[in-house]
Amino acid sequence: MSLLVVGLSHRSAPVSVLERAALNADAQLKLLQDTVAAEPATEAAVLATCNRIELYADVDKFHAGVAELSTLLAQHSGVGLEELTPYLYVHYEDRAVHHLFSVACGLDSMVVGEGQVLGQIKDSLAKAQDVHSAGRLLNDLFQQALRVGKRAHSETGIDRAGQSLVTFGLEQLSAGSAVEQWARGKKALVIGAGSMSSLAAATLARAGVAEIVVANRTPDRAERLVQILTEGDDTDVLARAVPMESVPVELTRADLAVSCTGATGLVLTAEAVAGAVEGRSGGAAAGSGTVSPALSDAGAGRTAVTEAGPGELPPTSLGAEDGCPLDLPAAQAATAGFSVLGEGAVAGMAAADLEQHAAWVDNGTQRQQTSAPAGAVTVLDPAEEADTIAALAAAAATVGRVPERRRPEPVAGIPRPEPTLFLLDLAMPRDIDAAVHRLVGVRLVDIESLADASADAPMAADVDQVRRIVADEVAAFGAALRAAHITPTVVALRTMAADVVAGEIARLDGRLPGLDDKHRAEITQTVKRVVDKLLHAPTVRVKQLAAEPGGAGYADALRTLFDLDPETVAAVSRADGADDEPENSKNRGPA
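Residues numbered from 1 in each chain as written. Predicted model: local features only at pLDDT ≥ 70, side-chain atom pairs only at ≥ 80, totals over all residues. Heavy atoms only, no water.

> Would you explain the overall build of the chain in this entry?
Check the secondary structure of the chain and you find 25 helices and 10 strands. With 591 residues in all, the chain has 45% of them scored as buried. Residue pairs at least 24 apart in sequence account for 71% of intrachain contacts in the chain once pairs closer than 6 positions are excluded. Only carbon and sulfur atoms are counted for the fraction: they give 52% of the accessible area of the chain, which is about 28000 Å². (Helix = DSSP H or I, 4+ residues; strand = E, 2+ residues; numbered from the N terminus. Buried < 20%, exposed > 50% of the residue type's maximum accessible area, 1.4 Å probe, protein only. Contact = heavy atoms within 4.5 Å. Areas by Shrake-Rupley, 256 points an atom, 1.4 Å probe, with all protein chains shown as cover.)

> Where do I start with the sheet that holds strand β5 (residues 187-191) in this structure?
The pairing of strands in a sheet happens through backbone hydrogen bonds and is either parallel or antiparallel. Pairing is parallel across the open sheet formed by 6 strands, whose spatial order is β7-β6-β5-β8-β9-β10. Because the sheet does not close on itself, it has two edges, and the strands there are β7 (238-242) and β10 (442-445). Adjacent strand axes in the sheet meet at a mean angle of 15° when their direction is disregarded. Relative to strand β6 (residues 211-215), β5 runs parallel, the two being bridged by 5 bridges. (Pairing = 2+ DSSP bridges. Axes fitted to C-alpha atoms, helices over the stretch in contact; angles between N-to-C directions.)

> Hey, could you run me through the confidence of the model for the chain in this one?
Low pLDDT means the predicted coordinates in that region are not meant to be read closely. Overall, the prediction assigns the chain a mean pLDDT of 76, with 69% of residues at 70 or greater. Within the model, pLDDT remains below 50 along residues 403-413, and this stretch shows 22 contacts once partners closer than five positions in the same chain are excluded. Counting interchain partners and residues more than four positions distant, the pLDDT-below-50 stretch residues 580-591 has 14 contacts. (pLDDT = per-residue confidence, 0-100.)

> Can you walk me through the environment of Val440 in this structure?
Here Val440 is to be found in the loop between β9 (421-425) and β10. For Val440, a relative accessible area of 1% translates into the label buried. Considering only alpha carbons, one finds Val440 and Ala274, 166 residues apart in sequence, at a separation of 8.8 Å.

> I would appreciate a short explanation of the packing of aromatic side chains in the present structure.
Given two aromatic rings, their pairing is described by the distance between the two centres and the angle made by the two planes. Within this structure, the stated rule accounts for 4 aromatic pairs. Centre to centre, the rings of Trp182 and Phe422 are 5.1 Å apart; their planes meet at 90°, and the pair counts as edge-to-face. Of this pair, Trp182 sits in helix α10 (residues 179-183) while Phe422 sits in strand β9, and the two are 240 residues apart along the sequence. Each member of the pair, Trp182 as well as Phe422, is classed as buried. (Phe/Tyr/Trp six-rings, centres within 6.5 Å; stacked < 30°, edge-to-face > 60°.)

> So what exactly am I meant to see when it comes to the nonpolar core here?
Note on soluble globular proteins: their nonpolar side chains tend to be buried together. If you look at the biggest cluster of nonpolar residues, it comprises 103 residues, and the most contacted ones within it are Tyr56, Leu141 and Ile212. For this core, the element with the most residues is helix α7 (residues 136-155), which contributes 8 residues. Counting residues in each nonpolar core, the second largest holds 26 residues, with Ile191, Ala254, Leu268 and Val273 among its members. (Core = buried A, V, L, I, M, F, W, Y, C linked by side-chain atoms within 4.5 Å.)

> Whenever I open this one, the sheet that holds strand β4 (residues 89-92) confuses me. Can you help?
Taken together, the 4 strands give an open sheet; going across it, the order is β2-β3-β1-β4, and neighbouring strands pair in antiparallel fashion. Bordering the open sheet on either side are β2 (41-49) and β4, each of which pairs with just one other strand. Adjacent strand axes in the sheet meet at a mean angle of 15°, parallel and antiparallel pairs treated alike. Strands in contact with helix α5 (residues 94-104) are β1 (3-9), β2, β3 (52-59) and β4; relative to β4, the strand with the most contacts, it is inclined by about 110°.

> Can you help me understand the pairing of β5 in this one?
Regular strands show a simple pattern: their side chains alternate between the two faces of the sheet. Counting buried residues in β5 gives 4 out of 5 residues, a clear majority hidden from the surface. Taken together, β5, helix α11 (residues 195-207) and β6 constitute a β-α-β crossover, and its handedness is right-handed. Pairing analysis gives 4 bridges linking β5 to strand β8 (residues 256-259), with the strands arranged parallel. Across the sheet, Leu189 pairs through a bridge with Ala257, a residue of β8. (Right-handed = clockwise from strand over helix to strand, strands pointing away.)

> Which parts of the structure should I look at to understand the packing of α5 against α7?
Packed helix pairs are specified by the crossing angle of their axes together with the interaxial distance, meaning the distance between the axes. Put simply, α5 and α7 touch, their axes get as near as 8 Å, and they point 45° apart. Comparing the axis directions of α5 and α7 gives the class oblique. The two elements α5 and α7 meet at a crossing, and its hand is right-handed. Counted together, Val97, Leu100, Phe101 and Ala104 of α5 and Leu141, Phe142, Gln144, Ala145, Val148 and Gly149 of α7 form the full contact between these two elements. Among the residues making up the contact of α5 with α7, the classes are represented as 8 nonpolar, 2 polar and no charged. (Parallel < 35°, antiparallel > 145°, perpendicular 65-115°, else oblique. Left-handed = near helix turned anticlockwise from the far one by under 90°. Nonpolar A, V, L, I, M, F, W, Y, C, P; charged D, E, K, R; others polar.)

> What exactly am I supposed to notice about unusual backbone geometry here?
Glycine aside, residues mostly have negative phi angles, and peptide bonds mostly take the trans form. In this structure, Pro429 follows Met428 across a cis peptide bond, with omega equal to 5°. Mapped onto the secondary structure, Pro429 falls in the loop between β9 and β10. Although it is not a glycine, Glu93 sits at a positive phi angle of roughly 50°. Take Glu93: its relative accessible area is 29%, and that puts it in the partly exposed class. Even without glycine at this site, His132 takes up a positive phi of about 60°. Judged by its relative accessible area of 64%, His132 is exposed.

> What's the story with helix α6 (residues 116-130) in this structure? I'm lost.
Because each turn of an α-helix spans 3.6 residues, side chains separated by three or four positions in sequence point in the same direction. In a regular helix each residue adds 1.5 Å, so 15 residues correspond to 21 Å; α6 covers 22 Å between its end C-alpha atoms and thus fits that length. A positive phi of about 60° marks His132, the residue just after α6. (Expected span 1.5 Å × (residues − 1).)

> Hey, could you run me through the packing of helix α21 (residues 462-511) against helix α23 (residues 553-561) in this one?
At their nearest, the axes of α21 and α23 sit 9 Å apart, and the two run at 15° to each other. When the axes of α21 and α23 are compared, the pair comes out roughly parallel. Here α21 runs over α23; the crossing is left-handed. Judged by residue contacts, His485, Ile486, Thr489, Val490 and Leu493 of α21 engage Tyr554, Ala555, Leu558 and Arg559 from α23. Each residue belonging to the contact of α21 with α23 can be placed in one class, and the counts come to 6 nonpolar, 2 polar and 1 charged.

This is the structure:
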C-alpha cells in the first residue's frame, strides 16, 4: 500500500485560507483527472467539505507524491503554493487510513461526532468512480471508511457527543436557549437546496418554525425540498419555493436565514442585509447598508453617535458636564475602584480628547467634594492624578489613543439591542459578508465563529470507544491489504507449479505411450497432491506473515526463491483487478 493524503482543514488552517482554497464541483473533477495523469499517482479521490479539502492518492513514491499533490492542490484552489504549504498536513499508509476512518467517525469534525461527513465521503467516492480515478485501493478504503463510520455511530454513543453542524449553529444563534423554544413560530429563509440546506430545512421544521421559504438557483430542487418538508409525517410547517431573485424581499420577512450554496461569491452582502433590516423596521439601518461608525472601531465606545436609528447604537452623552469630555456618572459606575480622573476613566480616549480632559482636571479643585450625596460624582485631588495623566498623555502622543490597559470592557460597552434578524452561514467559501457581524440588529454565525465555539465544546466519554474502534479497523484493513498484496505472488507460484505438473505428465506420456487413461489420471492426481501438500503450509504461512506489519517483503522473497516472472505476477494482479470491476460498479449506489 502506498496511500497518501495531503490536505488542510479547520484544525490546520484559518477559515480565511479554507475559504479561498475551497473547490467547486468542476474544480474537484479536474483535480482528480490531473492527479491520475501525474506520474506518481495511479488513483485519486477528493474529500471536500465545508471545513476540509483533502486529496487522496495511491502513489509509487512518497516525496514525489507529496510534492505533486501539494502543487496540484495549490493550482486548483488558486492559493499560491508558498502560502498554502504551511497549512497542509500529510498522512501516509496506515496513518492515512487512520485519518480517513477518524474523519468518517466524526472524530476530526468541527463538531465531534457529527454524521454528515459520511454522506460527504460517499459523494467523494462517487465522483472518483465517475471519472474512473478510484481503483481497487481507494474503492476498498472509502467503502470501508463508510462501514467504520456507521459502526461507530451504531455501537457507541458518539451521537450524544456530536450533532450536525446545523444544530450546533442554531444553538449558537439561540445564545443558550433551547433551539426548539427559540425557533418556535419564527419565519425561516433557506438559501440553497443541497444536502446541507436540506438538513437545515428539516432541522428547522422539526424545531417548530412557522414557515420555511426555500430559495435556489434551480427551481426544481427548491420545489422538491418544499415537497419533502410539507409531506413529512414528523413536521407541520408551511413551506414554499422562491427564485433567488426574491431573496432580498424574503429577507425582510424572515426572522432567520440559513445559507449554504456552492456560489463562489457572496450571496448576501452587508448592504443587502442592512437593507433587509431597514425594510423590516421602516427606518435607517446602519446607514442604509453601511457599517455604523459606532461599530467600525475597536475604540468605538468613545465615539459619539448623533442619532439612534434601528440599525445604530444609542447615543452616548460625552461632555455632559461643561468642559468634561466624559459622561462622569457612567464613567464612575463603569470604573468602580478607579478615579474618574485616572486611567480607568480615560482608557481608549483619543489624544485630542485627552487634552480637553487634562484641562478639565487642572480646574478640578473647585469641584472637589469631600462628602458627595448619593449619585454624585466623586472627584479626587487632581494632584494625585497628575503623574498618571502625564504618562497617559505621553502614550497617547505616541499611539494616538490611550491604551486600554485596565478594565477595557466599559470602553466599548455601549449596549447593543437584541437582534431581530438571525443569520447562519454554513457555506465555504462564505455566502454572507463577514461585515454583517458589525451590523446592529443582526446576529451572524458562520464557519469561523463555529470553529471558535467548537474549540471549547466538551467531548463525550464515548469518543475513547470510537478511537478504539478506529484503531482496530485500521489494523484489520492494513492486514487485509498486505495479505491481498501477496495473493498475486501466491497465485503465480501455484500456476507455475501446475505448469510443472502438466509438463512432467506430458513427458511421461512420451516415455509410456501405452499408458491407459485410468492409470494416467491416477498418476496425474498423485503428482498434483504431492505439489499441493508441499506448497500448502508455506503459502498459508506466508499469507499470515504478510498480513503483519512489515510483511510486505515476503512477496519479494517468494518471487526470488521460486524465480517467478514479475510480469506473470503483474498479469495476475491486473486480472484480479478486472474481476473487481462489477463489484465496484455496484458499489456506486447508496452505501
